[in-house]
Amino acid sequence: KAGVTQTPRYLIKTRGQQVTLSCSPISGHRSVSWYQQTPGQGLQFLFEYFSETQRNKGNFPGRFSGRQFSNSRSEMNVSTLELGDSALYLCASSLAGTGGIDTQYFGPGTRLTVL
Amino acid sequence: GQNIDQPTEMTATEGAIVQINCTYQTSGFNGLFWYQQHAGEAPTFLSYNVLDGLEEKGRFSSFLSRSKGYSYLLLKELQMKDSASYLCAAYGQNFVFGPGTRLSVLP
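Presented here is an overview of the structure given in this document. (Residues numbered from 1 in each chain as written. Chains lettered and ligands numbered in written order. Predicted model: local features only at pLDDT ≥ 70, side-chain atom pairs only at ≥ 80, totals over all residues. Heavy atoms only, no water.)

**Quick word on the sheet that holds strand β6 (residues 53-57) of chain B**
All names here are of chain B.
Right, so step 1: Spatial strand order, β1-β3-β8-β7-β6: 5 strands in an open sheet with antiparallel pairing. The open sheet terminates on both sides in strands that have one partner only, identified here as β1 (3-5) and β6. Strand-to-strand twist of the sheet, defined as the mean angle between neighbouring strand axes without regard to direction, takes the value 15 degrees.
Right, so step 2: Inspection of the sheet shows β1 paired to strand β3 (residues 18-25) by 3 bridges, in the antiparallel sense. Note that in β3 the partner of Ile4 across the bridge is Tyr24. (Pairing = 2+ DSSP bridges. Helix = DSSP H or I, 4+ residues; strand = E, 2+ residues; numbered from the N terminus. Axes fitted to C-alpha atoms, helices over the stretch in contact; angles between N-to-C directions.)

**Side note on the interface of chain B and chain A**
Right, so step 1: In this complex, chain B contributes 16 residues to the contact, which on the side of chain A involves 15 residues.
Right, so step 2: Taken together, the two surfaces of chain B and chain A that pack against each other cover about 1300 Å², and 61% of this comes from carbon and sulfur.
Right, so step 3: Area buried by chain B at its contact with chain A is led by Tyr91, Phe95 and Phe97 of chain B, which between them contribute 32% of it.
Right, so step 4: Counting across the chain B and chain A interface gives 0 salt bridges.
Right, so step 5: Taken together, the links from chain B to chain A amount to 2 residue pairs in polar contact (both at pLDDT 80 or more).
Right, so step 6: Elements that contribute at least two residues to the side of chain B that touches chain A include exactly β4 (31-37), β5 (44-49), β9 (84-91) and β10 (95-97) of chain B. (Contact = heavy atoms within 4.5 Å. Buried area = accessible area lost by both parts, 1.4 Å probe. Salt bridge = Lys/Arg side-chain N within 4 Å of Asp/Glu carboxyl O. Polar contact = N/O pair within 3.5 Å; in protein donor to acceptor, adjacent residues only side chain to side chain.)

**Quick look at the nonpolar core**
Right, so step 1: Counting 22 residues, the largest nonpolar core has Leu32, Trp34, Leu75, Tyr86 and Leu103 of chain B as its most contacted members.
Right, so step 2: Sorting the residues of this core by element identifies β3, β4, β7 (60-65), β8 (70-75), β9 and β11 (101-106) of chain B as the ones contributing at least two each.
Right, so step 3: Judged by nonpolar contacts, the second largest core, of 21 residues, contains Leu11, Val32, Trp34 and Val78 of chain A. (Core = buried A, V, L, I, M, F, W, Y, C linked by side-chain atoms within 4.5 Å. Buried < 20%, exposed > 50% of the residue type's maximum accessible area, 1.4 Å probe, protein only.)

**As for the pairing of strand β7 (residues 64-68) of chain A**
All names here are of chain A.
Right, so step 1: Pairing geometry for β7 and strand β8 (residues 74-78), over 5 bridges, is antiparallel. Paired with Gly66 across the strands is Met76, a residue of β8.
Right, so step 2: The antiparallel pairing of β7 with β8 creates a hairpin that spans 5 residues between the two strands, and Ser72 there sits at a positive phi of about 75 degrees.

Structural data, given as structure tokens:
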């Protein structure tokens, strides 16, 4: 089975711009979670989608949004970029049904640099 | 609130045993996961505990005490390739990750 894929792998943007990141989960996985990883804050949960519905949301401003498509692929969008948004954005997929708990498999991440 | 604590750094010698501790406070706790992350790479799953006790997977074992809000990851027969960050993650309504423990294995 192919693993979790994320595109693009690297991205450079300037302040005020917006960006869209894409994640394709492992085949059969319906849950997709997004995380932001920075050296200072570690891995922080952004949101989780399951069957096209946002199931959980972390403590990030409304500039961060996401969606999931019927094929389970997911996108996250960050509008009005700030310097502090520079980070590694990781996507993780799992089978996670109604109970929610299941092993997550991470993609390689998208490294976003905001200048 | 939710809080997870791990030591920042640890050093051990090749062939030795090392224990990485993790304490957590989360609402609606459902399980504790351990991930390994090499520099510049994505985290990879190592082990998880839902019930109290020890789970063994080859050279890696993980222990959980729900009443104490405590877990540890035990790595045996350390190898140089085990040098990485080890992330503890508690699952309540979603995953909450600890800051990670950077392990350096020396020859």
